[in-house]
Amino acid sequence: MKQLLQQLINGISLGSIYALIALGYTMVYGIINLINFAHGDIYMMGAYVGFALTTFLKLGFLPSLLISMLVCSILGVIIEKVAYKPIRNSTRIAALITAISVSLFLQYIMVYFVKPDTRTFPEVLKSKILTLFNGKIIVDIKNIYIILITIILMMGLQYIVHKTKVGKAMRAVSLDKDAAELMGIDINKTISITFAIGSALAGAAGVLVGVYYNTINPLMGAGPGLKAFVAAVLGGIGIIPGAVFGGFFLGMTETLVSAYGGSVFKDAVAFSILIIVLLLKPNGLLGKTVKEKV
């Protein structure tokens, strides 16, 4: 039981990262039905921005986090305007190829400028071990920071989506783009804001990963990007609570598999769960079956 509780806490920390990245996937898909495979690389860019701010400008954790989120949101908007807007009415396969191309471009432009070497992230948050339940559970304070920041960002996203005009516009566009446009909603502006918010969350995840694992590299976005996509599909892509649920579920599953002797197979387990869910419930665990009238 002690081992189980310890690993569940570690899994929640990892799941927080997956959830932040998965939110970007699910928001973009909910608005324009696009799987943005470059999203994992925006997370990588956020980690490098945080690295530059903490290493060269000597900024603290919180300023670096906020600036990284801002830079990644701007990057997300630029990518949407340059790469995705021109092919918005094209076929699904054209959009998919474009997304993969943008992903590879971001990866190798960073390899060119910063080299493929692994960098050590500065220790902007000091490690401090906390013991709970009379020493039965050991928690690094970094885990608590990651979980708290994730909860704050998710609450902020929920507020934006449900309590602001921008959020209402986003929900309207996701339901019926044409009807929303007829009601006076600026579709292009709404899509740009969606990319900005999703990319900012990915940037925050990048900084948190750098702080927690202390190492970053230009190809670090590929693996977590795919895992976050799995998390979004598990919960029901296009559904914000589904992305959060999928992220935490995947994070805890991976941690438990690794803890009980299956670290080599943790990726296989993650994708096996995805296949099973798609076979049994194609719309995701929290998704609803929608009937289309012809």
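Residues numbered from 1 in each chain as written. Predicted model: local features only at pLDDT ≥ 70, side-chain atom pairs only at ≥ 80, totals over all residues. Heavy atoms only, no water.

**Side note on the UniProt feature "transmembrane region" (unreviewed entry) in the chain**
Thinking step 1. Per the UniProt record, "transmembrane region" (unreviewed entry) is annotated on residues 12–35, 55–79, 91–114, 144–161, 193–213, 228–250 and 257–280.
Thinking step 2. As a span, residues 228–250 carries 83% helix and 0% strand, and end to end its C-alpha atoms are 9 Å apart.
Thinking step 3. Within residues 257–280, the helical portion is 88% and the strand portion 0%, while the C-alpha atoms at the span's ends are 22 Å from each other. (UniProt positions renumbered as here; feature names shortened; annotations may be inferred. Helix = DSSP H or I, 4+ residues; strand = E, 2+ residues; numbered from the N terminus.)

**Some remarks on the packing of helix H2 (residues 39–55) against helix H8 (residues 187–213)**
Thinking step 1. At a closest axis distance of 7 Å, the pairing of H2 and H8 adopts a crossing angle of 55°. Here H8 runs oblique to H2, going by the angle between their axes. Helix-helix and strand crossings are classified by hand; for H2 and H8 the assignment is right-handed. Mapping the contact onto sequence places His39, Ile42, Tyr43, Gly46, Ala47 and Gly50 in H2 and Gly198, Ser199, Ala202, Gly203, Ala205, Gly206, Val207 and Val209 in H8.
Thinking step 2. When the residues that make up the contact of H2 with H8 are grouped by side-chain class, the tally is seven nonpolar, seven polar and no charged. (Axes fitted to C-alpha atoms, helices over the stretch in contact; angles between N-to-C directions. Parallel < 35°, antiparallel > 145°, perpendicular 65-115°, else oblique. Left-handed = near helix turned anticlockwise from the far one by under 90°. Contact = heavy atoms within 4.5 Å. Nonpolar A, V, L, I, M, F, W, Y, C, P; charged D, E, K, R; others polar.)

**With respect to empty space enclosed by the protein**
Thinking step 1. This structure, assessed with the given rule, holds one cavity of 30 Å³ or more.
Thinking step 2. In this structure, the largest cavity occupies an estimated 30 Å³ of space.
Thinking step 3. In terms of lining, the largest cavity is formed by Ser13, Leu14, Ile17, Ile146, Leu208, Val209, Tyr212 and Tyr213.
Thinking step 4. With four residues, the single largest contributor to the lining of the largest cavity is H8.
Thinking step 5. Across the lining of the largest cavity, the residue classes tally to seven nonpolar, one polar and no charged. (1 Å grid on protein atoms, 1.4 Å probe; cavity = no way out; pocket = protein on both sides within 12 Å on 5 of 7 lines; lining within 4 Å. Points joined across faces, edges and corners; volume = space filled by probe spheres on them.)

**Here we look at a negative patch on the surface**
Thinking step 1. Together, Asp176, Asp178, Glu181 and Asp186 line one region of the surface with negative charge.
Thinking step 2. Look at Asp178 and you get exposed, because its relative accessible area is 56%. (Patch = residues over 30% accessible without salt bridge, like charges linked within 9 Å, V, L, I, M, F, W, Y side chains within 5 Å. Areas by Shrake-Rupley, 256 points an atom, 1.4 Å probe, with all protein chains shown as cover. Salt bridge = Lys/Arg side-chain N within 4 Å of Asp/Glu carboxyl O. Lys, Arg positive; Asp, Glu negative; His and termini not counted. Charge placed at Lys NZ, Arg CZ, Asp CG, Glu CD. Buried < 20%, exposed > 50% of the residue type's maximum accessible area, 1.4 Å probe, protein only.)

**Quick notes on the environment of Leu62**
Thinking step 1. Within the element layout of this structure, Leu62 appears in helix H3 (residues 61–84).
Thinking step 2. Leu62 sits 62 residues away from Val124 along the chain, and the two C-alpha atoms are 9.4 Å apart.

**Some points on the layout of surface pockets**
Thinking step 1. The computed volume of the second largest pocket comes to approximately 230 Å³.
Thinking step 2. Every residue lining the second largest pocket is counted, 13 residues in all, and those nearest its centre are Leu14, Tyr18, Tyr213, Glu254 and Lys266.
Thinking step 3. Of all the secondary structure elements, the ones that give two or more residues to the lining of the second largest pocket are helix H1 (2–32), H8, helix H9 (222–235), helix H10 (240–262) and helix H11 (266–280).
Thinking step 4. Residues that form the lining of the second largest pocket fall into these classes: five nonpolar, four polar and four charged.

**Topic: the packing of H10 against H11**
Thinking step 1. It is the contact of H10 with H11, at a shortest axis distance of 9 Å, that shows an interaxial angle of 140°. In terms of axis orientation, H10 runs oblique to H11. At the point where H10 passes H11, the crossing takes the right-handed sense. Residues Phe249, Leu250, Thr253, Glu254, Val257, Ser258 and Gly262 of H10 pack against Lys266, Asp267, Val269, Ala270 and Ile273 of H11.

**A few points about H2**
Thinking step 1. Between its first and last C-alpha atoms H2 spans 24 Å; for 17 residues at 1.5 Å apiece the expected length is 24 Å, and the two agree.
Thinking step 2. Burial runs high along H2: 15 of the 17 residues are buried. (Expected span 1.5 Å × (residues − 1).)

**As for the packing of aromatic side chains**
Thinking step 1. Applying the stated rule across the entire model yields nine aromatic pairs.
Thinking step 2. Judged by centre distance (6.5 Å) and plane angle (70°), the ring pair of Tyr48 and Phe51 falls under edge-to-face. Of this pair, Tyr48 and Phe51 both sit in helix H2, separated by three residues, roughly a single helical turn. Here Tyr48 and Phe51 have matching classes, each one buried.
Thinking step 3. Seen in terms of ring centroids, Tyr212 and Tyr213 are 4.9 Å apart; in terms of plane orientation they differ by 85°. Their pairing is edge-to-face. (Phe/Tyr/Trp six-rings, centres within 6.5 Å; stacked < 30°, edge-to-face > 60°.)

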